[in-house]
Amino acid sequence: MSASTDAKKTDEQLLAEFLSGRQAAVGELARRYERPLLGLALGLLGRRPDLACDAVQETWVRVIRFGKQFMGNSSFKTWLYRIGLNQCRSLLHARGGGNADGPLDVLPAHGDGPEQAAQTTDRDGVLRDAVGQLDSDKRAVVLLCYHNGLTHEQAAEILEVPLGTLKSRLHAALTELRAALGAEASS
Amino acid sequence: MSDTPSPELERQLAALTVWPGQTPGLWRRALRQARAGTDRGATWVLRVLKLAPLGLVAAAVVLAIVLPSLYGAREAAKVELASLSSQERYRAGPYEARRFGEGVKLGTGYVMGSPAPPAPCAAGPGAAANSAGGPTVAGGTILVAEGSYGRARQTSSPGPDHARPTDATPALDRQVIRKATMELLTKDVRAAFLRAGQLISEARGEYIEDSGLGGDPNRPEANLTFRVTAGRLPEILNELRQLGEVRLEKTSGEDVTTQVVDVEARLRNEQRVETELLQLLEKRQDAPLKEILELRQSIAGVRQNIEQLTAQREKLGRLVALATVLVIIRASDAPDPRPEPGLGAYLLESLRHAWTSGARFLISTLAGLVSVVVGGLVWWVLAAIAILIARAYWRRSHPAT
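Undergrad: For the overall build of chain B, give the residues involved together with the corresponding values.
TA: Assigned secondary structure in chain B consists of 10 helices and seven strands. For chain B, buried positions account for 24% of its 401 residues.

And the structure:
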């Protein structure tokens, strides 16, 4: 089966094919979601790529093992992200705290020059510190809501909270962020 | 302040969740990891093995607390049951001791190695001994010891159609096996022993079933077991009381009326069958040889039953006719073998008792623990399996955790 054919299939179809024995189907799912999942895990785990890789690998393991239990009550995407989010939480818990305040390895964007990279690093570092000051729920809300490709509805589904709750938490998180960034700017 | 952040902040926030490099193809590693499912099983076993000792110790402690109380309750119940059963046995009337073996056993409780009485039984004044060597029961006279031990008298046996006795027919003569025990203290044990042996009347069929004189020279002791006619039991006991100081006197009786009547009825029935078979044999002299042989075989079987029933009846009759008296004679002025202990001895005795109690408690505790661990092994295994299954089910139903 060609890659172009796989690209036209839905996530649920690919999962069903994988469950029926075609392992390449999970490769197509990974092609779609592994990078976003790694990015989210990176944000949630304090910019630790090693931890992010662990969390995403364990996420795929669970998809492979428990794929049969996916009932289709939600989309595959939100199901996958929920597993990934829980794996990140488990890793944070196992490392001794729910606060991802590890060192942030901000990598420069491709094509940036040294000066731009330095500016970007400095700016993102301030924001990273501000996000790191948030409690784990608010941090997850902020990162999920501004994660590329996720709507607020999907974020609410991943977090298993009503949309209203998500919005109120997001509002509170943004208020805290603004305050933290304002204080940083004034200092 | 607006809820919507600036596009710059949005871009910066989105940049926090961007993976900067190539994807490492983690799904392939995950596939390999998922294939190695046995590793997961091994991990399970290791986890369980880590937790199992704690669980076992906790369960053992709980069971060690619970089991002794259960065991104690069971033992108490057993003791109570045994006490009740013993009381009921002695209280039981003829309807609760219908079996011959039971009645005979209770009636000869003091008789050790009893030989068959050599002489026919006789009862009180005017008693008649029949030629069969025992009291005649069916169609003749039976010996009955009734009321206070024992006014033995003759009475007519019930007729062929007489029903079995019930509580509703109190007028029926009871047949009771009497038993008495007397313990005497006297200065001259030997003299008392010889005098007691002279109390029986061999002419009446009474005899000494067992006797012995012995013991320590300082504490001689004698015992005799008489079989005396039930009617003479009060007289014998009175005479025994004259031989020394009565330390213990106990009498008991067991009603075997039902057994006797039952034997009689069965015996009459078998005799009737025998008569009919004999009459049939006389009438069918010209019958085929096969039929005659079968008839004779039937007659032989019936006669065997008659003999067995006759033996049972006679045995019961002897037990009823002859009461059993156990006499124990001890020396009254014999020195006490256990002198009064002094304070030191008392202290030593207390220490010994405490040590014994402590050791017993320790051994009981160890035995209890061993029985909990070993005896409950099946339950431990089942519990472990149940926990594993429940945990596996929970993990399967919550894959996202």
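What follows continues from the structure just given.
Undergrad: Describe the overall build of chain A, and please don't skip the residues or the numbers.
TA: In terms of regular secondary structure, chain A is built from nine helices and zero strands. Listed by position from the N terminus, the elements making up chain A come as α-α-α-α-α-α-α-α-α. Sorting the 187 residues of chain A into buried and exposed places 39% on the buried side. Summarising the internal contacts of chain A: among those between residues at least 6 apart in sequence, 59% fall at separations of at least 24.

Undergrad: Summarise the sheet that holds strand β7 (residues 322-331) of chain B; cite the residues concerned and give the values.
TA: Whenever strands of a sheet pair, they do so through backbone hydrogen bonds, lying parallel or antiparallel. Residue and element names in this part refer to chain B. The five strands are arranged β4-β5-β7-β3-β6 in an open sheet whose pairing can be described as mixed. A strand with exactly one partner marks an edge of an open sheet, and here the two such strands are β4 (207-216) and β6 (245-255). Strand-to-strand twist in this sheet, taken as the mean axis angle between neighbours without regard to direction, amounts to 10°. Alignment of strand β3 (residues 176-186) against β7, held across eight bridges, turns out to be parallel. Directly across from Met 182, in β7, lies its bridge partner Val 327.

Undergrad: With reference to specific residues and values, describe the packing of helix α2 (residues 11-19) of chain A against helix α3 (residues 24-44) of chain A.
TA: Residues and elements named next belong to chain A. For the pair α2 and α3, the least separation of the axes is 7 Å and the interaxial angle reads 150°. Taken together, the axes of α2 and α3 lie roughly antiparallel to each other. Considering how the two elements wind past one another, α2 and α3 form a crossing that is left-handed. When α2 is examined against α3, the residues Asp 11, Leu 14, Leu 15, Glu 17 and Phe 18 are found in contact with a partner set consisting of Ala 25, Val 26, Glu 28 and Leu 29. Residues of the contact of α2 with α3, tallied by class, amount to six nonpolar, no polar and three charged.

Undergrad: Explain the interface of chain B and chain A residue by residue, including any values.
TA: Between chain B and chain A, the contact holds 26 residues from the first and 38 residues from the second. At the level of elements, α1 (7-15) and α2 (26-35) of chain B are the ones that each hand at least two residues to the side of chain B that touches chain A. Per element, the largest residue contribution to the side of chain B that touches chain A is seven residues, and it comes from α2 of chain B. For the side of chain B that touches chain A, a count of residues per class yields 17 nonpolar, five polar and four charged.

Undergrad: Mind laying out helix α8 (residues 289-321) of chain B, listing which residues take part and the relevant values?
TA: Compared with the 48 Å implied by 1.5 Å per residue over 33 residues, the 47 Å span of α8 of chain B between its first and last C-alpha is a close match. Listed in full, the buried residues belonging to α8 of chain B are Val 302, Leu 309, Arg 313, Glu 314, Leu 316, Gly 317, Arg 318, Leu 319, Val 320 and Ala 321 of chain B.

Undergrad: Run through the nonpolar core, naming residues and quoting values.
TA: Within the largest apolar cluster, 57 residues are counted, with the highest numbers of intra-cluster contacts made by Ala 41, Leu 45, Val 141, Val 142 and Leu 144 of chain A. With 11 residues, α3 of chain A is the single largest residue contributor to this core. Here this core spans two domains, and each of domain 1 (1-101) and domain 2 (113-187) of chain A adds at least three residues to it. Ranked by size, the runner-up nonpolar core spans 37 residues in total, among them Leu 240, Leu 322, Val 327 and Ala 331 of chain B.

Undergrad: An account of the confidence of the model for chain A is needed here, citing residue identities and associated values.
TA: Residue and element names in this part refer to chain A. Looking at chain A, the pLDDT average stands at 81 and 81% of residues meet or exceed 70. Per-element averaging of pLDDT across chain A places helix α6 (residues 114-133) at the bottom with 67 and helix α8 (residues 152-159) at the top with 92. Every residue in residues 98-114 scores below 50 in pLDDT, and together they form 31 contacts with partners more than four places removed in sequence or on other chains.

Undergrad: Talk me through the environment of Val 161 of chain A; I want residue IDs and the actual numbers.
TA: Its location among the elements puts Val 161 of chain A in the loop between α8 and α9 (163-186). Those residues in contact with Val 161 of chain A that lie beyond four places of it in its chain are Ala 156 and Leu 166 of chain A.

Undergrad: Give a detailed account of the environment of Ala 230 of chain B, specifying residues and quantitative values.
TA: As for its placement among the helices and strands, Ala 230 of chain B is situated in the loop between β5 (219-229) and α6 (233-241). Accessibility expressed as a C-beta count within 10 Å gives 29 for Ala 230 of chain B, which makes it buried.

Undergrad: How would you explain unusual backbone geometry if you had to name every residue and give the values?
TA: Most peptide bonds take the trans form, and the phi angle of most residues other than glycine is negative. Within the chain, Arg 47 of chain A stands out as a residue other than glycine whose phi angle is a positive 60°. The topology assignment puts Arg 47 of chain A in the loop between α3 and α4 (49-66).

Undergrad: Mind laying out the packing of α4 of chain A against helix α5 (residues 76-94) of chain A, listing which residues take part and the relevant values?
TA: All names here are of chain A. Where α4 meets α5, the closest approach of the two axes is 9 Å, and the angle between their N-to-C directions is 130°. The orientation of α4 relative to α5 falls into the category oblique. Classified by chirality, the crossing of α5 by α4 is right-handed. Here Leu 51, Asp 54, Ala 55, Val 56, Glu 58, Thr 59, Arg 62 and Val 63 of α4 lie close against α5, whose contacting residues are Leu 80, Ile 83, Gly 84, Gln 87, Cys 88 and Leu 91.

Undergrad: Give me the lowdown on α4 of chain A, citing residues and values where you can.
TA: Across its 18 residues, α4 of chain A extends 25 Å between first and last C-alpha, which sits within 8% of the 26 Å expected from 1.5 Å per residue. Close packing links the buried residues of α4 of chain A with α3 and α5 of chain A together with α2 of chain B.

Undergrad: Give a detailed account of the confidence of the model for chain B, specifying residues and quantitative values.
TA: Residues and elements named next belong to chain B. Averaged over every residue, the pLDDT of chain B is 73; the share at 70 or more is 67%. Mean pLDDT per element in chain B: strand β1 (residues 141-146) is the minimum at 36, and helix α9 (residues 343-375) is the maximum at 91. Contacts of residues 83-171 to residues separated by more than four positions or lying in other chains number 156 contacts, the stretch itself having pLDDT below 50. Note on the complex model: pTM 0.40, ipTM 0.80.

Parameters and conventions
- Residues numbered from 1 in each chain as written.
- Chains lettered and ligands numbered in written order.
- Predicted model: local features only at pLDDT ≥ 70, side-chain atom pairs only at ≥ 80, totals over all residues.
- Helix = DSSP H or I, 4+ residues; strand = E, 2+ residues; numbered from the N terminus.
- Buried ≥ 20, exposed ≤ 12 C-beta atoms within 10 Å, placed from the backbone.
- Contact = placed C-beta atoms within 7 Å.
- Pairing = 2+ DSSP bridges.
- Axes fitted to C-alpha atoms, helices over the stretch in contact; angles between N-to-C directions.
- Parallel < 35°, antiparallel > 145°, perpendicular 65-115°, else oblique.
- Left-handed = near helix turned anticlockwise from the far one by under 90°.
- Nonpolar A, V, L, I, M, F, W, Y, C, P; charged D, E, K, R; others polar.
- Expected span 1.5 Å × (residues − 1).
- Core = buried A, V, L, I, M, F, W, Y, C linked by C-beta atoms within 7 Å.
- Domains from an automatic or database assignment.
- pLDDT = per-residue confidence, 0-100.

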